[in-house]
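Below, each chain spelled out in residue letters.
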Amino acid sequence: MSKRLREGLSSQYFEAANRLSSKNARHRIIAYVESYDDVFFWRTVLDKFETDELYFQIMLPTRSRRLERGKKAVLMEFLGGKVGRDMIACVDADYDYLIQGITPTSRSVLSNPYVFHTYSYAIENLQCFAPSLHAVCVAVTLNDHRIFDFEEFLRQYSQAIYPLFVWNIWYYRTSNYGRFTITDFLRVIETGNFRLHQADEILQRLRHKVGQKIKWLQRENPNARQSYQQVKDDLSRLGVTADNTYLYIQGHHLFDKVVVPMLENVCGRLVREREAEIDRQSVHTTQRCNELSCYSNSLEDVAAMLRKNAGGMASDQFRQIQRDVEAFVKAISAAADS
């Protein structure tokens, strides 16, 4: 893409393109997303709002010689008067939603009606929506035996990290965020290798580490009791509770360090269970080998299946995204009718 054309891309550019189309043509709205992985997620969001009159085309931001990925690339490319009714940006909320306008990026994400965000930290958090994880296991293993309570584990995990998470947001709402960064926070809540029979021990170790860090933070900030409570109350207003904190921590950490290892361990057990069942029920060696081969060829990769998980559509955060898009579409329709 030439520099001149790239610099000219804006909502006004696509509005002019729409005007050049046939009067009977559907109105096209460009939706820029951060990365390849985001395309499918935002398609599940926007599908509902396409009509005979309008549709969304999801695209990735580009430079003249290289592709750019990430929310900053999207915002730097298209904010400053470029987004509008014909071109929107769809991004991960990160901490920008929770710090409530402390930084310029946060203010842009929250105040620009043409920038839509995930409310959870990232799309990975919604892919890891706890009530949907058993279905992911079934898709991977073709075994519907419930051997682990994902919802209860992530509820207890969230409760364990919640007070420390509030401290992390407390710091990010001040100029001293460098004293307790997201990296510092993630280092404390690291759970290590997951073993199904050690789930309670993992949570107990986590509670201990969090407790130790909280004691240190309280000593470092002896006068923060009131402001800490204010942050806690505000997070509650924004939807963060002790039971769902996992939806608001860094998405890649949740996906790669918590949920994928957990699913792999559980799915491994389910696969072995199914293979043992085939072994018991086979009447001869040939049948056993054929059944095992057929079953093995039907198995799916845990991480790949989790990335395609649309179970997060049942979450409050997903419904809030849809409410925002619905308001946007209604505004467009009203403007077109006036």
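Please refer to the structure placed before this passage.
The text that follows walks through the structure, step by step, so that each part is easy to find. (Residues numbered from 1 in each chain as written. Predicted model: local features only at pLDDT ≥ 70, side-chain atom pairs only at ≥ 80, totals over all residues. Heavy atoms only, no water.)

A short note on the packing of helix H8 (residues 150-172) against helix H11 (residues 225-237)
Axes are the key here: two packed helices are described by the angle between their axes and the distance separating the axes. Applied cut-off: Axes here mean lines fitted to C-alpha atoms, for a helix over just the part in contact, with angles spanning 0 to 180 degrees between N-to-C directions. Strands are runs of DSSP state E lasting at least 2 residues, helices are runs of H or I lasting at least 4, and numbering of each runs from the N terminus. Orientation is classified from the angle alone, with under 35 degrees giving roughly parallel, over 145 giving roughly antiparallel, 65 to 115 giving roughly perpendicular, and any other angle giving oblique. Should any heavy atoms of two residues lie within 4.5 Å, those residues are counted as being in contact. When residues are grouped by polarity, Ala, Val, Leu, Ile, Met, Phe, Trp, Tyr, Cys and Pro land in nonpolar, Asp, Glu, Lys and Arg in charged, and all others, Gly among them, in polar.
One can describe the packing of H8 onto H11 by two numbers: an axis separation of 9 Å at closest approach and a directional angle of 105°. What the angle tells us is that H8 and H11 run roughly perpendicular. Where H8 approaches H11, its residues Tyr162, Pro163, Phe165, Val166, Trp167, Ile169 and Trp170 are matched on the opposing element by Ser227, Tyr228, Val231, Lys232 and Leu235. Broken down by class, the residue content of the contact of H8 with H11 amounts to 10 nonpolar, one polar and one charged.

Considerations on the sheet that holds strand S2 (residues 54-59)
To keep things clear, this is the line we draw: For two strands to be treated as a pair, DSSP must find at least two bridges joining them.
Strand order in the open sheet formed by four strands is S2-S1-S3-S4, and the pairing between neighbours is parallel. Either end of the sheet is taken by a strand with one partner, and the two such strands are S2 and strand S4 (115-117). The sheet shows a mean angle of 30° between the axes of neighbouring strands, direction not considered. Bridge count between strand S3 (residues 87-91) and S4: three bridges; the pairing is parallel. Within S4, the position partnered with valine 91 by the bridge is histidine 117. Running over the sheet, helix H3 (residues 36-46) touches strand S1 (27-33), S2, S3 and S4 and is turned about 165° from S2.

Describing the packing of aromatic side chains
Note on aromatic pairs: each is described by the distance of the centres and the angle between the planes. Note the cut-off: Centre distance within 6.5 Å is the pairing criterion for rings of Phe, Tyr and Trp, where only the six-membered ring of Trp is used; planes under 30 degrees apart are then read as stacked, over 60 as edge-to-face, and the remainder as tilted. Each residue is placed in one exposure class: buried if its accessible area under a 1.4 Å probe, protein chains only, is under 20% of its type's maximum, exposed if it is over 50%, and partly exposed if it falls in between. By the criterion adopted, a ring carries a charge over it if an Arg CZ or a Lys NZ lies within 6 Å of its centre and within 35 degrees of its normal.
For the structure shown, the criterion picks out 19 aromatic pairs. Seen in terms of ring centroids, tyrosine 95 and tyrosine 172 are 5.3 Å apart; in terms of plane orientation they differ by 85°. Their pairing is edge-to-face. Within this pair, whereas tyrosine 95 is found in the loop between S3 and helix H5 (104-111), its partner tyrosine 172 is found in helix H8, the two being separated by 77 residues in sequence. Tyrosine 172 gets classed as buried once you look at its relative accessible area, which sits at 17%. The rings of Tyr95, Tyr121, Phe165, Tyr172, Tyr177 and Phe185 are connected pair by pair, giving a single aromatic cluster. It is lysine 213 that lies over the ring of tryptophan 216; its NZ or CZ is 4.2 Å from the centre. Over the ring of phenylalanine 255 we find arginine 307; its NZ or CZ atom is 4.3 Å from the centre of that ring.

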